[in-house]
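Secondary and tertiary structure notes
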6 protein chains.
Amino acid sequence: MRIDELSSTAFAKAMEADPIVFLPLGACEAHGPHLPLGTDTFQPEETVTQVAKRVGGLVAPTINYGQHSSTLNMPGTISLTFDTLRSLVKDILESLHRNKVHKVVVLTGHFGSVHRIAIKLACEHATQHLGMKVMMLSDYQLALHLEKEICQGLEDGHGGLLETSRIMDIRPDLVAKERSHGEFVDSGYLIVSDPERCFPKGFSGDAGLASEEKGRRINTYIVDTLTELVRANFEG
Amino acid sequence: MRIDELSSTAFAKAMEADPIVFLPLGACEAHGPHLPLGTDTFQPEETVTQVAKRVGGLVAPTINYGQHSSTLNMPGTISLTFDTLRSLVKDILESLHRNKVHKVVVLTGHFGSVHRIAIKLACEHATQHLGMKVMMLSDYQLALHLEKEICQGLEDGHGGLLETSRIMDIRPDLVAKERSHGEFVDSGYLIVSDPERCFPKGFSGDAGLASEEKGRRINTYIVDTLTELVRANFEG
Amino acid sequence: MRIDELSSTAFAKAMEADPIVFLPLGACEAHGPHLPLGTDTFQPEETVTQVAKRVGGLVAPTINYGQHSSTLNMPGTISLTFDTLRSLVKDILESLHRNKVHKVVVLTGHFGSVHRIAIKLACEHATQHLGMKVMMLSDYQLALHLEKEICQGLEDGHGGLLETSRIMDIRPDLVAKERSHGEFVDSGYLIVSDPERCFPKGFSGDAGLASEEKGRRINTYIVDTLTELVRANFEG
Amino acid sequence: MRIDELSSTAFAKAMEADPIVFLPLGACEAHGPHLPLGTDTFQPEETVTQVAKRVGGLVAPTINYGQHSSTLNMPGTISLTFDTLRSLVKDILESLHRNKVHKVVVLTGHFGSVHRIAIKLACEHATQHLGMKVMMLSDYQLALHLEKEICQGLEDGHGGLLETSRIMDIRPDLVAKERSHGEFVDSGYLIVSDPERCFPKGFSGDAGLASEEKGRRINTYIVDTLTELVRANFEG
Amino acid sequence: MRIDELSSTAFAKAMEADPIVFLPLGACEAHGPHLPLGTDTFQPEETVTQVAKRVGGLVAPTINYGQHSSTLNMPGTISLTFDTLRSLVKDILESLHRNKVHKVVVLTGHFGSVHRIAIKLACEHATQHLGMKVMMLSDYQLALHLEKEICQGLEDGHGGLLETSRIMDIRPDLVAKERSHGEFVDSGYLIVSDPERCFPKGFSGDAGLASEEKGRRINTYIVDTLTELVRANFEG
Amino acid sequence: MRIDELSSTAFAKAMEADPIVFLPLGACEAHGPHLPLGTDTFQPEETVTQVAKRVGGLVAPTINYGQHSSTLNMPGTISLTFDTLRSLVKDILESLHRNKVHKVVVLTGHFGSVHRIAIKLACEHATQHLGMKVMMLSDYQLALHLEKEICQGLEDGHGGLLETSRIMDIRPDLVAKERSHGEFVDSGYLIVSDPERCFPKGFSGDAGLASEEKGRRINTYIVDTLTELVRANFEG
């Protein structure tokens, strides 16, 4: 199921079924003092593993780096430029195309707008010029469906209640016991040179309210929902 | 020790010791019918984990894709272009520099000449323009020190006796029991459009002679040697 | 006040007051059968003219083309690529910087996400590398503040009630008498090669309910709000 | 006739006649103390409006910025780089091609050699790779036909007698009453870093001799001549 | 005097005098049936050799390829793209700068407008960003000073009387005995996809009237004039 | 035989035989105090001249510049960037393709690894996308066949015994009488910012043992061997 664990021969055989290939995009990004830098890697990796199991797809090796704006200057954030990220996804999709892959689900853990547009342009290239069928989203977008239920009206965001709960379910060993509340400070329409000002504590939301149970609820929901979406789009 | 498992706060604290950062470069590349596509990922990941433990360094998230020429058209190879790979390594080194990292060891599992020049140019940028101290090599180069001893005069190469043995030590579950002998067919100085012709079986060397013991011998040697090299270069 | 109507000498004199420069970005884009292709040009041009009058700024020549995705294949849409648009805005900001301009308001009529990220990256370059103070938004974002009041729960969007009303106020001669209702059809997370499928009629919203009065209400609100935002950001 | 004033539907209808599309290229460039920065915008806009009326073509939105060398450091000049300008024209021609436009007249007000080569390369791309028929010139080239008659042996050039007269005809409100004589100082074959040295007063020619009548004579000549050229090339 | 004939040590010694470096740009371009493809290489090489002798400068290795438009599709023309030529000259000027060269004369045999702008942009980079003093011209521009005298009112141009005479002086062995008269056919302002139509015979001018004596007269004039120009610009 | 000495007509005629075209790549690079900067130009030029004579091919104009790493900061080295060199070779191969050339031998005097990868990528483009048959090597690779015989166990390398002997055969006037012994100092796997440290004297090997006779022996061997290789690859 993991492409990197298959031999070339086994991969060729698996390709006969015209499988869906899942491409997880992670990140190395500051997520406050309580979450690991790989938060946005662990989430989509777990998600695609579960969904691929259910729909019988293959999982490509993770892209471990993304593009970051607001957390760029925080310790531990490693960021690609827009152009590099776009080329990276474009090259991988082209190589999958050369391997006769027709169906791809690109799932990014990081939800930054610049980051997603870079990925989107690469995916558009694949659909418009290579004739591939590509679905692209962030599991964070699906997590947001539960924001009302889980956060109960509290503001939440980067490294907040939703994400902390999810990591407590996936990698409980990596979440700090001490967890506080972080605020998001809007810069309005100013393009600022110190974008980290919008996260004075490095994250936003009440991480103290996070729990493994909530995380399991969210992760289960995401896997269920993505499985349905994938089936609807590729098996319809 | 793994950067993606540290929080932003823990990373900032670890940086106070001015640690060496190890950047492992993997690949998704056909290695014959007996080895997994992630062969060149598993090897440097294992190596940097061991060496970083000994010298007290940090391990950055793995780059899971590389540039491939001769195996480009074989099932399962996913290749970046030269320019993308160069940009990718360049961006990561620049982000490490922004994080005040001064010492980097770049270890690539894949040993292709085009691949290594892309990485080398990115490293040169970091040393010449950012003032970083960068060491760059392939663990395959160190494995070759033992070629004479291990292969005993038999021709060896991509996916052959050395690599198969190493993976038998690291990920025995991923190596096929049936393993044959592959040949390398030289194209002379012709630049061919079907470069896979040089590996009629997808690999070269006698994979049948590989063993876990040989792999352990090689892997131990590599870890020992790289540890010494790193200490000589960064602690001298 | 319009830079293109000033002589070089008059411009130099006007620069002594360290004025805010407004850069309007238009578009040539299909907006349904009832609105002109220049809809996204006429709106920000009118807005910056009014706001510049109030705060005493200068208006740079309009960029008359933008980047388009969903309407790309509709008659009359002329689209730049992402890279060209980013370079275009970057070059202009650099030239303004060479002219000692410190404060810029970039106002785009078109609200596409790819389009705005291209502009945003150019603005970030100017704030991070040139030390300029840049505000960037779409007047459509401000119009949305009134969506509830004006559209009364009806879905609205590209070329819909808000935009049609605004153009009826600005250029009534260019709005068709016959105006129907258009729907937006979501593609979910599929990256499609025929993105125009999301606007079966080329626009979304009930254009039939548009009126000059509503347009005046919206345009007045936008000018008032932007004037305040500009003052808060640049005169605070 | 102005594309930005047509709806998508009206544009589609107009395209049935396989019309010539006129693309005016303006500039924001210092033209001495007596002429507006938009001088090179007002001239081709007026020209294509008149010619398109006569031959029944469509007028695309103006590109309001160009590439500038000698006036780069003068107040008010806003310059694109060579690469941006080339991409800009290339993208627009490709979008026109996607809209099934076959015949294009590109008219640039600015006559700089670097500027024109950027445009020319974009046009060559369209003729060689897209099969379009493209005519490209500057109205200044046609104005030069009358230099002998109008300037009577006096040296003339950038912002001089010809241009000043033309703007007095087109936008008399924007021409200063006080107008002097400017010189062109040749730098020989030196590539200088202060190219503005060639226009000590920011323009060359005797602007004092300019008149609305002369401007009308020139503008009429240009419209007549361009109309003939367009007919000869596209209707022949 | 030829840099490629000096050792590194001898070059370092020669640099103590802060010498002028001459960079000749040649071409491999069709020049009709009577002239060699290297016509535009032989001319500037001969010129810089003579001038460097007189002013005591160094001659850099020749760039043997240029950018070609009108002769692109004729047998034997080998053309660089605009971008490659610009980068090539830029890189060489940067390397000369690293070698502490301050004064450069760039002499191109080919006189195409696109070709020269590519070179000019590279030279502008060197003067504006590296502080070098750069003179750039084509020896053809100096030959044109004698056009009236030599051609006596006959139209002349690419591969015509001037160029043929010059090559008869420099490389008489490479000029055909049979030489005819070629015409230049103007395409007006059309950007054509078959630009070779402007030279039905591959050249323009009366090559039959060419002679070694005329060539010597022209070549002597060029060397004298360029020597003076160089002295005026660099020794003044 | 030299393309630059043929007329367009003669070139067209020569093309009827579908000849092999030889493209020599030279360099302007420090080769110690005893060898000229053009060492890597003189060697392949001489080689291709001899081989082309024997197999009846054409010789394209020499590329006189290459990419340099270790000697970059030594007096007289003029280096292209990787990207420029790749584009340069790519453009020339594309122009040869436009001229219906099918068989190319690219021979580079310089043997740097970055340099050769740039050339290789350009050649791969030609074979994979243009269907050309391309052979690419360095004559230094062939000289190495004789290293054991000529150097008798002495370390040799850049500017050493092999190269000095070859130039003594080709251009004896350019080799210094005084010649010493140079060492190569390995930097291990460090990417250094002062790569010239690896050649303390600017070259490596015992240049004092060089002789014209040895050079003749090597050069003859190279011409013979390359002739055979070319015949085997293109006439087989």
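The following paragraphs examine the structure supplied in this document. The structure displayed is predicted, hence computed values, not measured ones. (Residues numbered from 1 in each chain as written. Chains lettered and ligands numbered in written order. Predicted model: local features only at pLDDT ≥ 70, side-chain atom pairs only at ≥ 80, totals over all residues.)

1. Notes on the overall build of chain A
Worth spelling out the cut-off: Secondary structure elements follow DSSP: runs of H or I of four or more residues count as helices, runs of E of two or more count as strands, with numbering from the N terminus. Three classes are used. A residue is buried when 20 or more other C-beta atoms lie within 10 Å of its own, exposed when 12 or fewer do, and partly exposed in between, with C-beta atoms placed from the backbone. By definition, residue pairs are in contact when their C-beta atoms, positioned from the backbone, come within 7 Å.
Looking only at helices and strands, chain A has eight helices and seven strands in total. Along the first, second and third principal axes, the C-alpha atoms of chain A reach 50 × 40 × 30 Å. Within chain A, the fraction of its 236 residues that count as buried is 61%. Taking as baseline every contact in chain A between residues at least 6 positions apart, the subset at least 24 positions apart corresponds to 75%.

2. Brief notes about the sheet that holds strand E4 (residues 133–138) of chain A
Stated precisely, the cut-off is as follows: Whether two strands pair comes down to DSSP finding at least two bridges between them.
With mixed pairing, the five strands of this open sheet are ordered in space as E2(A)-E1(A)-E3(A)-E4(A)-E6(C). Looking at the sheet topology across the chains shown, the edges are occupied by strand E2 (58–59) of chain A together with strand E6 (190–191) of chain C. The sheet contact formed by strand E3 (residues 103–108) of chain A and E4 of chain A spans six bridges and is parallel. Directly across from Val104 of chain A, in E4 of chain A, lies its bridge partner Val134 of chain A.

3. Considerations on the pairing of strand E4 (residues 133–138) of chain C
Put simply, the rule reads: We call a crossover right-handed when, viewed with the strands running away from us, the connection from the first strand over the helix to the second turns clockwise.
Burial analysis of E4 of chain C places five of its six residues in the buried class, which makes it a mostly covered element. Alignment of strand E6 (residues 190–191) of chain A against E4 of chain C, held across two bridges, turns out to be antiparallel. Across the sheet, the residue bridging to Ile191 of chain A is Val134 of chain C, located in E4 of chain C. For the handedness criterion, the β-α-β arrangement of strand E3 (residues 103–108) of chain C, helix H4 (residues 113–129) of chain C and E4 of chain C is classed as right-handed.

4. A look at the pairing of strand E1 (residues 20–25) of chain C
Residue and element names in this part refer to chain C. The buried count for E1 comes to six of six residues, which makes it a mostly enclosed element. Side chains Ile20, Phe22 and Pro24 of E1 all project onto a buried face; the interleaved residues Val21, Leu23 and Leu25 project onto the opposite face, where all are buried too. Across six bridges, the pairing between E1 and E3 is parallel. By the bridge assignment, Val21 is partnered in E3 with Val104.

5. Quick word on the nonpolar core
What counts here: A set of buried Ala, Val, Leu, Ile, Met, Phe, Trp, Tyr and Cys residues, joined through C-beta atoms within 7 Å, is what we mean by a nonpolar core.
Counting residues in each nonpolar core, the largest one holds 438 residues, and the members touching the most others are Phe22 of chain A, Phe22 of chain B, Phe22 of chain C, Phe22 of chain D, Phe22 of chain E together with Phe22 of chain F. Leave out the neighbours within four places in its chain, and Phe22 of chain D touches Val48, Val51, Ala52, Gly57, Val59, Ala60, Val105 and Leu107 of chain D.

6. Structural notes on the interface of chain B and chain A
Applicable threshold: Three classes are used: nonpolar for Ala, Val, Leu, Ile, Met, Phe, Trp, Tyr, Cys and Pro, charged for Asp, Glu, Lys and Arg, and polar for all others, with Gly counted as polar.
Listed per partner, the contact involves 45 residues of chain B and 45 residues of chain A. Of all the elements in the fold, those that place two or more residues in the side of chain B that touches chain A are helix H1 (8–15) and helix H3 (82–98) of chain B. The element best represented in the side of chain B that touches chain A is H3 of chain B, accounting for eight residues. Each residue belonging to the side of chain B that touches chain A can be placed in one class, and the counts come to 23 nonpolar, 18 polar and four charged.

7. Some remarks on the relation of the copies chain E and chain F
This is how the line gets drawn: Copies overlap after least-squares fitting; the atoms used are the C-alpha atoms of residues with pLDDT of at least 70 in both.
By a simple turn and slide, chain E fits onto chain F: the slide is 0.0 Å along the axis, the RMSD is 0.0 Å, and the turn is 180°. Given the turn and translation reported, the copies of this chain are related as if by a two-fold rotation axis. Relative to the rotation axis, the C-alpha of Thr84 of chain E is the closest in chain E, positioned 3.1 Å from it. Here 100% of the contact residues of chain E are again contact residues in chain F; the copies associate through an equivalent surface.

8. Observations regarding the sheet that holds strand E3 (residues 103–108) of chain D
Formally: Fitted lines through C-alpha atoms serve as axes, helices being fitted only where they are in contact, and the angles separating the N-to-C directions of these axes extend from 0 to 180 degrees.
Across the sheet, which stays open at both edges, the five strands sit in the order E2(D)-E1(D)-E3(D)-E4(D)-E6(E) with mixed pairing between neighbours. The sheet is open, and its two borders are formed by strand E2 (58–59) of chain D together with strand E6 (190–191) of chain E, each paired with just one other strand. Two strands pair when backbone bridges link them, and strand E1 (residues 20–25) of chain D and E2 of chain D are joined in this way by two bridges, in the parallel orientation. Of the residues in E2 of chain D, the one forming a bridge with Val21 of chain D is Leu58 of chain D. Contacting E1, E3 and strand E4 (133–138) of chain D together with E6 of chain E, helix H4 (residues 113–129) of chain D runs over the sheet at an angle of about 170° to E4 of chain D.

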